[in-house]
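In case you want the letters, here they are:
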Amino acid sequence: MPALPISTAAVATARTAEDGLSSRLIVAFTGLCYLCVAVGFSYLDRRYGHFQAESLFWVAWAALGFAGGSLIPGRAAPAGKGLSRVMTAVAVVLAIFPALFMYSMLRWVCVLLLLVMAARAPSMHTRRDLYLCLTTCFTVSFMAATHHAANWTLWLYLGPAWIFAGLALTWDYAPSRAIGHARRLGMNLGFVAATALIAALLFFFVPRPPVLGFGFIPPAGDASGLLGQPAGKPPGEAGTGQRQDAGKTVGPGDAPGGMAGEGHDTARSQSWQSRWQEMLRKMRPALKDPAMPQWQKDLLEKLLDLGEIPGEPQPQPGKSGSGGSPSPIEKTANAIASLVALLLALLLAWLIYRWRYWLGIELLHFAAWLLAPVRPMLSMRLSAQAIKLCLREAGHKSLSGQSVREYVAAAPGQPELVRRWLGYAVELYCETRFGAAPATHARARNMRRAVSAATQVVKGYAPELRKP
């Protein structure tokens, strides 16, 4: 059977900043990025005891702006203007009182930007609006990361914020529906994992110049790599003042460079496991902050416990909690958080069951794409399973002992274009598995593309193609 063209080639036009957003998921991911940055910004003022109240405000403000904007039908340019104007007026009032009397000038500008960005969210329809919002989020996050009250625990908020920003840019960069959601998510998280691994290798093993740090990033003289000393002059030589004993009075029993040299020799003789344990030990005091939420303490402490190397001796300075019993407000908050977590788990389980066929199809397409270069026959078998799930989602149940060819031929009510694509995919599969045709990367790729194109039409993503 001759190969059939999967789709008609079209002239690709360059997208501009004035083009509309292709998916509501872009608005949702941007809203989650904004929310994480706003909560991280309020986390800097946790010592004043208003972190929970400020967090609830940002949740409500982000939900009103981004959720209200993403649910507007049609996402047309005039839509959302009324809600945006009302929120802008409220934002101006909040920026004057109480924000103007609470923050310094730099932080007040950040609060103003956060208030205005959520107020503009209902009318965020173009890519230019998306880029402006993400630029604001990155600017505020950099300010928070370099603030004197920040420490490593702030990454619990900034880390997810940047991941959500990457997801929003991924969905904007690849707007075609031919690329499934699972593939976009997998490629984005794979890129994030690769960059995080490279950054960790640079942080752990590459010596850093002995310059002063900023924010909560310490000088390199205090945080050298796991396998080497900081770049610059060796410890003990006359240098520029990175010595820990600078400014101290030398006593009768203190020889110049004596104890410091021994300390550095000991650090140099330590194994990388000991240095890893020492790094985790230095991170634990930050968990003793009494203003930190208890759930955050428990989560970060468990993460540090997972990072411990089994069998390596380590000091136990005690639990990071304050030691006292939780207050009634904390108990109520924990109970509410547990209830919300249970409801979210039930909602997630229902969504997985509701979209089980869709999730299975996307996972099979992604696995077939990964295995096509190395295991083309296995890739084609996965594409055949995707055909069955696609037709089963459309309401066509298979009979016992029915082959893939018979199952596709007996499917009722499918458009002619879907039948042609599925027939082409089945022919490729049968010729390879039961005939003399070899399993190649090209045949596996063509079969996957045909099945993916037919799946998009069956799902209703291209209603114009369902016409006979």
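In this text the structure is predicted, and so the values were computed from the model without any measurement.

Basis of the calculations
- Residues numbered from 1 in each chain as written.
- Predicted model: local features only at pLDDT ≥ 70, side-chain atom pairs only at ≥ 80, totals over all residues.
- Heavy atoms only, no water.
- Salt bridge = Lys/Arg side-chain N within 4 Å of Asp/Glu carboxyl O.
- Helix = DSSP H or I, 4+ residues; strand = E, 2+ residues; numbered from the N terminus.
- Disulfide = S-S within 2.5 Å.
- Phe/Tyr/Trp six-rings, centres within 6.5 Å; stacked < 30°, edge-to-face > 60°.
- Buried < 20%, exposed > 50% of the residue type's maximum accessible area, 1.4 Å probe, protein only.
- Lys NZ or Arg CZ within 6 Å of the ring centre and 35° of its normal.
- Core = buried A, V, L, I, M, F, W, Y, C linked by side-chain atoms within 4.5 Å.
- Contact = heavy atoms within 4.5 Å.

Trainee: A description of the pattern of salt bridges should follow, citing residues and the corresponding values.
Mentor: Applying the stated rule across the entire model yields seven salt bridges. Close ionic contact of R284 with D305 constitutes a salt bridge, the shortest N to O distance being 2.8 Å. Taken as a pair, R284 in the loop between helix 10 (272-283) and helix 11 (294-307) and D305 in helix 11 lie far apart in primary sequence, 21 residues in all.

Trainee: How would you summarise the state of the cysteines if you had to cite specific residues and measurements?
Mentor: This model, assessed by the stated rule, comprises zero disulfides. As a non-bridged cysteine, C33 has C137 as the owner of its nearest cysteine sulfur, 4.1 Å distant.

Trainee: With reference to specific residues and values, describe the packing of aromatic side chains.
Mentor: Taken as a whole and judged by the stated rule, the model has 14 aromatic pairs. Centre to centre, the rings of W155 and W162 are 5.4 Å apart; their planes meet at 80°, and the pair counts as edge-to-face. Residue W155 is classed as partly exposed on the basis of its relative accessible area of 36%. Site record: aromatic cluster; members linked through ring pairs are Y34, F57, W58, W61 and F66. Lying across the ring of Y43, R46 places its NZ or CZ 4.1 Å from the centre. When the ring centre of F41 is taken as reference, the NZ or CZ atom of R107 above it lies at 4.3 Å.

Trainee: Explain the nonpolar core residue by residue, including any values.
Mentor: Of all hydrophobic cores here, the largest spans 57 residues; its most connected members are Y34, F41, W58, W61, F66, L114 and L154. Among the secondary structure elements, those contributing two or more residues to this core are helix 1 (24-43), helix 2 (51-70), helix 3 (81-96), helix 5 (105-120), helix 6 (127-145), helix 7 (155-173), helix 10 and helix 11. Looking at this core element by element, the count peaks at twelve residues for helix 1. Apart from the residues lying within four places of it in its own chain, the contact partners of Y34 are W58, W61, A62, F66, L114, L115, M117, A118 and C137. A384, A425, M447 and A453 belong to the second-largest nonpolar core, a separate cluster that totals 33 residues.

Trainee: Which residues make up the environment of R392, and what values do they have?
Mentor: Topologically, R392 is positioned in helix 14 (residues 376-393). Given the relative accessible area of 34%, R392 is considered partly exposed. Along the primary structure R392 and A411 are separated by 19 residues, whereas in three dimensions their C-alpha atoms are 9.5 Å apart.

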